[in-house]
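Fold and contact review
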Amino acid sequence: MQQYRAHLMLCGGTGCIASESLKVKEALSAEIKKRGLENEVNVVFTGCNGFCAEGPIMTVYPEGIFYERLTEKDIPFLVEEHLLKGRPVERLMYKEPEKRHAVPAMKDIPFFNLQVLRVLRNKGLIDPEKIEEYIARDGYMGAAKAFTEMTPAEIVTVVKDSGLRGRGGAGFPTGLKWELAGRVSSDTKYMLCNGDEGDPGAFMDRSVMEADPHSVIEGMIIGARAIGANKGVIYVRAEYPLAVQRLNLAIEQAHEAGLLGEDILGTGFNFDLSIYLGAGAFVCGEETALMRSIEGKRGMPIPRPPFPAQKGLWGKPSVLNNVETLAQIAPIILHGSDWYRSLGTEKSSGTKVFALTGAISNVGLVEVPMGIPLRTIINDIGGGVKGARKKGGRTFKAVQMGGPSGGCIPESLLDTPVTYEDIVQTGAIIGSGGMVVMDDSNCMVSMARFFLEFTADESCGKCPPCRIGTKVMLDMLNDITEGNGKESDIETLQDLCGDIISTSLCGLGQTAPNPVLTTIKYFREEYESHIKDKWCKAGVCRSLCTFIVDEKVCTGCGACQRACTQGAVTGEKKKPHEINQELCIQCRACYDACKFGSINIGPAAMREGLLKDTPAVSV
Amino acid sequence: MQKDINILVVDDEPVVINSCERVLREEGYNVHSAMRGKDAIHLMEENIYNLLLTDLKMPEMDGISLIEWTRKSKPSTGIVVITGYPSQQSIQDVLGLGCIDYVPKPFTPVMLTDVTYRALELAKKTPPLEDFPVGDFTPEMALELNSIINNYKNMPGNLIPVLQKAQEIVGYLPPEVQKQISSKLKVPVAEIHSVVSFYSFFTMKQRGKHLIRVCEGTACYVKRVSAVLDKLISELDVKVGEMTTDRKFSLESVRCLGACGLAPVMMIDQSTHGAMTPMKVVEVLDTYKQP
Ligand SMILES: Cc1cc2nc3c(=O)[nH]c(=O)nc-3n(C[C@H](O)[C@H](O)[C@H](O)COP(=O)(O)O)c2cc1C
Ligand code: FES
């Protein structure tokens, strides 16, 4: 094998490709060739590294130097300095927010060093398109052990003992699910993988499928052996073309290596795996709907029982597991259940991947042991709210977990440990792992409205409580955000929530009220100020705010004037500016553009008052 | 007022007909009624109805046959079932036939108006096949489609993959395409149409040369994607879900592109553009506007 003196791991995940990492790759190859380094330096285009917002990123081994925000223009200099002269380029390294010094090594960056990588064990380390690289990092060792040293019952026992719970949202114990399906006898059984990832604001499954497709396949092979399934399907959203391409390639390679198809590893066990492209309907992530969808029908949930373990896809016993759940399996088999339990808590063992997004400094994918406090994830790994350290800067308001089925957790509960049980106590859920951080410029009533709009839209329409109930609630929230709310609305909303939860057919309806309930519980005063004072203090609901310049703070820099598309801001340079309320459409562009916090947000009535004061201009 | 909306009520019990007529007329709908399936078909051949409300158990021709006839001959009419036996199984059966919803008997006026309103909304969303413009579905495309269909012919659950491939070839799924698939796969057009209208991935509208998809997922929402969307709407002078007059761009909104780390995000064709701002919209569009 070729011995290289340096390995450049350039990220080829969706995020980095969007930040033009393909161009960086071309520039790198060209430069390395030009310098005659082809035999000394190896460039690997890896899957998602997780630190997406800083992309394109690259780590140089053996030193582990981390570079970020690379452009093709940086490459000649980087190759010359780092690879030829051995001087890492400080300018391109990660800098801690607000402190300017560079942090050269990836292991010293807080975003990375507080994480524990199990699911993401290979992130940024292998080329996802090469099975050899997966195998070189203990890949398929778990499968080999499961096939040659263990009986199906033993596999089930290890997974059960590990305490692993489904990462797709419901948190159902995986070992138990396998045991139930294993007990049913049938000529055909199905092992299915849920890669639908419908939660908007979550992208862990996408990253795993793109960065380490073999880890999912290995989990499925082991699962198939445990339950005695000889057919498997991975259900992936059609919106994830790169994931589909890499999974297809990985399946092909696994076939060639004798890990899929007939007589796997010489044990006489057969398992065929194929990919099915979802066609975009949130409810198809629900297990019974997903199976209907694979059968080519409209993906509507059906009532259980019968459970899929008895009658699932094509009426045969089936097990459906989430992508991340499956990626946890191989290490559990290889290292045992005690090893898995060494992290996490009694009831929530192991690690969980979260997609940390929104108003946070370090946006990206993080894997942490279950049971650590939310605060550690947000403040230490995430680096806190973005722009918090500036004068008049932003402050943390809430973190949304569990997407449309989850809820918003306020600052006062940030010490809650992330476990299935503790997060539920707050009214939110762990869900699939989306964690969207909101600051004081986000309006919680609009947020609730946003999720309700989503569920009302995605309700498959089969059962009236979900369909009509979400619509009625959405109408009420629309009224509140438009200034037509009534004082009784808050109580009516809470009552409706109760009805929908208790009478809906599937998880979509049963959880749809959560965003509304939690925002009322923790941010009731925001609802009240929308309803009583007609005032959206965050400046999001257009009919409920007035933008005015604080003359004492305004420096006259003109940023707001440039940002305004309506020509409503006027003023001389270096003198306080003014907003013409007649022209203002409350789009908030000036507020977002101001770096000094000199734009204030008043209630709707203020604007009416100001309009009355200024005599109407006749044209 | 809703006076342009025609509803046909079919039931063998005069009480039911009377109460439906009373409630729905109050809402401003035009209501006709029939007590037998045959009469209903007669009326439907004469008039165009937006909605059919029908009982299941009737003498002579039963509700199921009437529904099947309507699905086949009047696919643009939405169907709601009035039933005294709302068991899980029977509801599943009628929904499987392509009905939009059901009203259990006895019902309250609010229940009836709610279901009617919603069913009309849904029926509007899935306009009749005939309303769609005949697009650029060339004979070459038809041939390619045929060979694809042949490849999938014996695979169970082949409808969605075939539709995906068809959309890849033609760009959208106009009625001719659905009809060709129907005759080759031996699946009723109504069933194909119901699958196409269920999944957001499928479109029956022709798309522009470039497809712009703007993410309205949570992360993008929090990062104020609305300002980006507004800018696109004003720059292109086009509504969400439509194509510009020069056929250059189609604008659509989606729920999460899985690139939340770069929010707000939009995609033009296969390339993702992250950290969008209204100003960046202009820059990005310029690169596509050059011939
Ligand atoms: C409306 C709805 C949407 C869902 N969407 C997803 C999804 O996108 N991905 C997923 O893995 N599970 C989703 N689930 C959960 C699945 O029904 C199922 O519990 C899960 O895939 C099982 O895998 P696990 O046990 O490994 O978590 C959804 C559930 C509901 C009710
Ligand atoms: S929320 Fe926009 S890409 Fe995920």
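Up top you'll find the structure we're talking about.
Throughout what follows, the structure given in this document is the object of discussion. Please read all numbers here as calculations on a predicted model, not as lab measurements. (Residues numbered from 1 in each chain as written. Chains lettered and ligands numbered in written order. Predicted model: local features only at pLDDT ≥ 70, side-chain atom pairs only at ≥ 80, totals over all residues. Heavy atoms only, no water.)

**Focus: the layout of surface pockets**
Residue and element names in this part refer to chain A. Defined as follows: Cavities and pockets are defined on a 1 Å grid built over the protein atoms alone: a cavity is a set of grid points where a 1.4 Å probe fits but cannot escape, while a pocket is an open set with protein on both sides within 12 Å along at least five of seven lines, and lining residues are those with an atom within 4 Å of any such point. Grid points are joined across faces, edges and corners, and a volume is the space filled by probe spheres set on the points. Strands are runs of DSSP state E lasting at least 2 residues, helices are runs of H or I lasting at least 4, and numbering of each runs from the N terminus. Three residue categories are used. Nonpolar comprises Ala, Val, Leu, Ile, Met, Phe, Trp, Tyr, Cys and Pro, charged comprises Asp, Glu, Lys and Arg, and polar comprises the others, including Gly.
One number sums up the size of the second largest pocket: a volume of about 1300 Å³. Considering the residues around the second largest pocket, the lining is formed by 45 residues, among which Gly 168, Gly 169, Ala 170, Gly 285 and Glu 286 are closest to the centre. The set of elements that each furnish at least two residues to the lining of the second largest pocket consists of α8 (174-183), β11 (318-322), α16 (420-426) and α20 (507-511). A per-element tally of the lining of the second largest pocket places β11 first, with five residues. Tallied by class, residues from the lining of the second largest pocket come to 17 nonpolar, 19 polar and nine charged.

**Thoughts on the site of ligand 1**
Residue and element names in this part refer to chain A. The condition that has to hold: A cutoff of 4 Å decides nearness: a residue is near a molecule or strand if any of its heavy atoms lies inside that distance of it. Whenever a nitrogen or oxygen atom comes within 3.5 Å of another N or O atom, the pair is scored as a polar contact, on the condition that within protein one atom can donate a hydrogen and the other can accept it, and that pairs from neighbouring residues in sequence are kept only if both atoms are in side chains. Per-residue and other accessible areas follow the Shrake-Rupley method at a 1.4 Å probe size, with only the shown protein chains counted as cover for residues. The rule for placing a molecule in a cavity or pocket is simple: more than half of its atoms must lie within 2 Å of the grid points.
Neighbouring ligand 1 are 18 residues; Gly 168, Asn 194, Gly 198, Asn 322 and Thr 325 lie closest to it. Between ligand 1 and Gly 285 there is a distance of 3.2 Å, counted from a nitrogen atom to a backbone nitrogen or oxygen. The protein chains hide 89% of the 610 Å² of surface that ligand 1 would expose on its own. Here ligand 1 is seated within the second largest pocket. Those elements that provide at least two residues to the shell around ligand 1 are β11 and α20.

**Notes on the interface of chain A and chain B**
Defined as follows: Contact criterion: two residues are considered in contact whenever any of their non-hydrogen atoms come within 4.5 Å of each other. A simple way to read buried area is as the amount of 1.4 Å-probe accessible surface that goes missing from two parts once joined, with both sides added. Counted as salt bridges are all cases of a side-chain nitrogen of Lys or Arg within 4 Å of a carboxyl oxygen of Asp or Glu.
In this complex, chain A contributes 65 residues to the contact, which on the side of chain B involves 41 residues. Together, the buried faces of chain A and chain B total about 4300 Å²; carbon and sulfur atoms form 59% of this surface. Considering only the side of chain A, the residues that lose the most area to chain B are Ala279(A), Arg298(A) and Arg467(A), jointly responsible for 15% of the buried surface there. Its salt-bridge partner being Arg224(B), residue Asp592(A) comes within 3.1 Å of it at the nearest N-O pair. Viewed at the interface, chain B and chain A are joined by 16 residue pairs in polar contact (both at pLDDT 80 or more). Where the side of chain A that touches chain B is concerned, the elements lending two or more residues are α1 (14-18), β10 (269-278), α12 (287-294), β12 (351-358), β16 (434-439), α17 (444-458) and α18 (464-481) of chain A. The element contributing the most residues to the side of chain A that touches chain B is α17(A), with eight residues.

**Remarks on the sheet that holds strand β1 (residues 6-11) of chain A**
All names here are of chain A. Applicable threshold: In this analysis, strands are considered paired if DSSP registers two or more bridges between them. Throughout, an axis means a line fitted to C-alpha atoms (over the contacting stretch in the case of helices), and angles, computed between N-to-C directions, take values from 0 to 180 degrees.
Strand order across the open sheet formed by four strands is β2-β1-β3-β4, with mixed pairing between neighbours. Edge positions in the sheet fall to β2 (41-46) and β4 (65-67), since each has one partner strand and no second. Adjacent strand axes in the sheet meet at a mean angle of 20°, parallel and antiparallel pairs treated alike. Across four bridges, β1 lies against strand β3 (residues 58-61) in antiparallel orientation. The residue bridging Leu 8 from the neighbouring strand is Val 60, located in β3.

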